Amino acid sequence: MIVLGIETSCDETAAAVSKDGSIISSQISTQTIHRKYGGVVPEIASREHEKLLNEMVSNTLKDAKIFLQDLEGIAVTQGPGLSGTLITGICFAKGLALGLELPIIGINHLEAHIFANFLADPSLKFPFICLLVSGGHTQIWHVRNLKDYSLLGESRDDAAGEAFDKGARILGLGYPGGPEIEKLSMDGNDNAIKFPRALMKKYNLEFSFSGLKTSLLYHMDSHENENLNDVAASYQKAIVDVLIIKLKWAMKKTGCDTCVIAGGVAANQFLRKSVESMLTAQKVIFPDLALCTDNAAMIAYLGELYLSRGVKSEYDFPIQPNLKLV
Ligand code: KG4
Ligand code: ZN
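As a starting point, this report considers the structure included with it. (Residues numbered from 1 in each chain as written. Chains lettered and ligands numbered in written order. Predicted model: local features only at pLDDT ≥ 70, side-chain atom pairs only at ≥ 80, totals over all residues. Heavy atoms only, no water.)

### What about the overall build of the protein?
A tally of regular secondary structure across the protein gives 10 helices and 10 strands. For 326 residues, the compact-globule estimate of 2.2 N^0.38 gives 20 Å, and the C-alpha radius of gyration of the protein, at 20 Å, lies within 12% of that figure. Each of the 326 residues in the protein was classed as buried or not, and the buried ones make up 52%. A separation of at least 24 residues holds for 73% of the contacts in the protein among residues at least 6 apart in sequence. Of the charged side chains in the protein, 31 are positive and 37 negative, and the gap between their average positions amounts to 6 Å. (Helix = DSSP H or I, 4+ residues; strand = E, 2+ residues; numbered from the N terminus. Rg over C-alpha atoms; globule rule 2.2 N^0.38 Å. Buried < 20%, exposed > 50% of the residue type's maximum accessible area, 1.4 Å probe, protein only. Contact = heavy atoms within 4.5 Å. Lys, Arg positive; Asp, Glu negative; His and termini not counted. Charge placed at Lys NZ, Arg CZ, Asp CG, Glu CD.)

Next up, the structure:
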């Protein structure tokens with residue numbers, strides 16, 4: 001089956017084509033315009049998607065060497081995400097689906113991040129643990145099958161990506177903050193400053209990162225001429241340490257020996273190296289960088305999985321900015 005996937009939940013405009021379970025074309029355009037504002041401005045993001053979508057989809061189809069008439073279904077991100085940006089993607093997708101008389105499916109963005117791991121490693125088998133670490137979410141999922149998930153724990157406040165983004169802003173760095181902090185950390189001593197780790201009672205799988213961010217703010221207020229490399233490295237380690245220990249506990253608690261790391265923060269090389277060195281007995285899967293951050297390949301892939309099973313949405317399905325997985 002040939003399915004076009006469209007992703008516009010935040011500031012990446014993306015389109016991809018999935019054919020018989022493989023991605024034959026995937027294009028992503030990251031909106032750099034938000035950098036000067038230190039975060040995504042929803043209205044600007046929506047307008048950018050609106051400008052880019054038509055060309056993005058045409059280029060993706062051209063790259064896949066297929067015509068509109070070859071498509072057999074459309075998959076589009078339904079939520080969670082920003083209302084305005086979701087509307088641009090969904091309206092575009094509905095127009096195409098109605099015009100071409102194709103089935104359409106609204107996709108849960110979080111579920112798609114989890115399933116991106118099947119693209120990264122087609123030998124991945126259920127059940128597995130998924131650490132989902134994006135700009136809006138920090139969650140640990142026990143994934144037993146398609147549509148059979150339980151949430152083992154999540155953040156009570158800021159997501160890990162948000163902690164990177166807010167931390168970067170405090171340090172006067174650009175947006176998105178994760179790559180900026182990672183870059184600065186490379187020349188730093190990650191044991192230089194003892195930042196707090198929250199909710200560390202054994203087997204507690206909840207997260208909290210807002211205290212860490214406040215602690216960074218106090219630290220910067222009370223230390224002039226601080227070595228920013230050391231601060232960034234210590235801050236990054238405080239986030240990564242907590243992610244890894246909780247992932248370890250989740251695997252122990254469920255008896256699962258496979259884990260996958262999904263979402264934008266999974267692009268972090270320090271996280272990757274630390275997971276690999278701390279979870280030696282377990283099978284760990286990280287998607288390629290392009291599959292970690294927002295992309296349409298994961299939307300097209302999951303869309304094809306559902307549409308090929310006859311699962312589809314009504315043509316009037318709404319956006320769901322706060323869509324949950326369970
Ligand atoms: O999954 P994603 O692309 O978008 C959401 O659905 O939120 O994740 C974006 C988040 C941002 O907070 C960004 O700072 C973080 O992923 N991120 C990173 C890195 N690259 C992106 N965090 C740490 N290290 C990175 N290299
Ligand atoms: Zn995402």
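There's plenty left to go through after this.
### A word on the pattern of salt bridges
Inspection of the entire model under this criterion finds 10 salt bridges. A salt bridge links R144 to D148; the shortest N-O distance between them is 3.0 Å. A relative accessible area of 32% means that R144 is categorised as partly exposed. Of the charged contacts, one joins D241 and K237 as a salt bridge, the two residues approaching to 3.1 Å between their closest N and O atoms. One end of the pair is D241 and the other is K237, both in helix α7 (residues 228-254) and four residues apart, which spans about a single turn. Classification of K237 as buried rests on a relative accessible area of 18%. Salt bridges sharing common partners tie together D158, E162, K166 and K213. (Salt bridge = Lys/Arg side-chain N within 4 Å of Asp/Glu carboxyl O.)

### A closer look at the packing of helix α4 (residues 160-170) against α7
Remark: α4 packs on α7, axes separated minimally by 11 Å, with the N-to-C direction vectors making an angle of 175°. As far as their axial angle goes, α7 and α4 are roughly antiparallel. Here A160, A163, F164 and G167 of α4 lie close against α7, whose contacting residues are Y235, Q236, I239 and L243. Each residue belonging to the contact of α4 with α7 can be placed in one class, and the counts come to six nonpolar, two polar and no charged. (Axes fitted to C-alpha atoms, helices over the stretch in contact; angles between N-to-C directions. Parallel < 35°, antiparallel > 145°, perpendicular 65-115°, else oblique. Nonpolar A, V, L, I, M, F, W, Y, C, P; charged D, E, K, R; others polar.)

### Section: helix α8 (residues 269-278)
Among the residues of α8, L271, R272, S274 and V275 are the ones counted as buried. Structurally, the start of α8 carries an N-cap: the backbone nitrogen of F270 is 3.0 Å from a side-chain oxygen of N268. (Polar contact = N/O pair within 3.5 Å; in protein donor to acceptor, adjacent residues only side chain to side chain.)

### A word on the nonpolar core
Membership of the largest hydrophobic core comes to 40 residues, with the highest contact counts inside it found for F209, I239, L243 and I261. Among the elements of the structure, β6 (128-133), α4, α6 (210-222), α7, β9 (258-262) and α8 are those that each provide at least two residues to this core. Tallying contributions element by element places α7 first for this core, with 13 residues. The contacts of I239, once residues within four sequence positions are left out, are A160, A163, F164, F209 and L212. In terms of nonpolar packing, the next biggest core, distinct from the first, is built from 29 residues, L124, W141, I285 and M298 among them. (Core = buried A, V, L, I, M, F, W, Y, C linked by side-chain atoms within 4.5 Å.)

### Remarks on the side chain of D294
Here D294 lies in the loop between α9 (289-292) and α10 (297-307). Not counting the four nearest positions on each side in its chain, D294 is found in contact with E7, S9, C10, E12, I28, H109 and H113.

### Considerations on the coordination of the zinc ion (ligand 2)
Protein coordination at the zinc ion (ligand 2): the donors are H109 (NE2), H113 (NE2) and D294 (OD), at 2.0 to 2.2 Å from the metal. Around the zinc ion (ligand 2) sit four donor atoms; with metal-centred angles ranging over 90 to 150°, the donor geometry is irregular. Donor residues for the zinc ion (ligand 2), ordered by position in the chain, follow H-x3-H-x180-D. In this pair, H109 is assigned in helix α3 (residues 109-120) and D294 in the loop between α9 and α10, connecting sequence segments 185 residues apart. The class for H109 is buried, based on a relative accessible area of 6%. For D294, a relative accessible area of 14% corresponds to the buried category. (Donors = N, O, S within 2.8 Å, 3.2 Å for Na, K, Ca; no water. Tetrahedral: all angles 85-135°; square planar, octahedral: opposite > 155°, others 65-115°.)

### Observations regarding the pairing of strand β8 (residues 148-154)
Successive side chains on a regular strand alternate, one facing one side of the sheet and the next facing the other. Pairing analysis gives six bridges linking strand β7 (residues 138-145) to β8, with the strands arranged antiparallel. When the bridges of β8 are listed, Q139 appears paired with E154. In this antiparallel pair of consecutive strands, β7 and β8, the connection spans two residues, and K147 shows a positive phi of 70°. (Pairing = 2+ DSSP bridges.)

### As for the sheet that holds β6
Spatially, β8-β7-β6-β9-β10 is the arrangement adopted by the five strands of the open sheet, whose pairing is mixed. Every interior strand has two partners, whereas the edge strands, β8 and β10 (283-285), have only one. Ignoring strand direction, the axes of neighbouring strands in this sheet form an average angle of 20°. Taken together, the three bridges between β9 and β10 define a ladder with parallel strand orientation. Looking at the pairing, T258 lines up with K283 of β10. Along the sheet, α7 contacts β6, β7, β8 and β9; its crossing angle with β6, the most-contacted strand, is approximately 155°.

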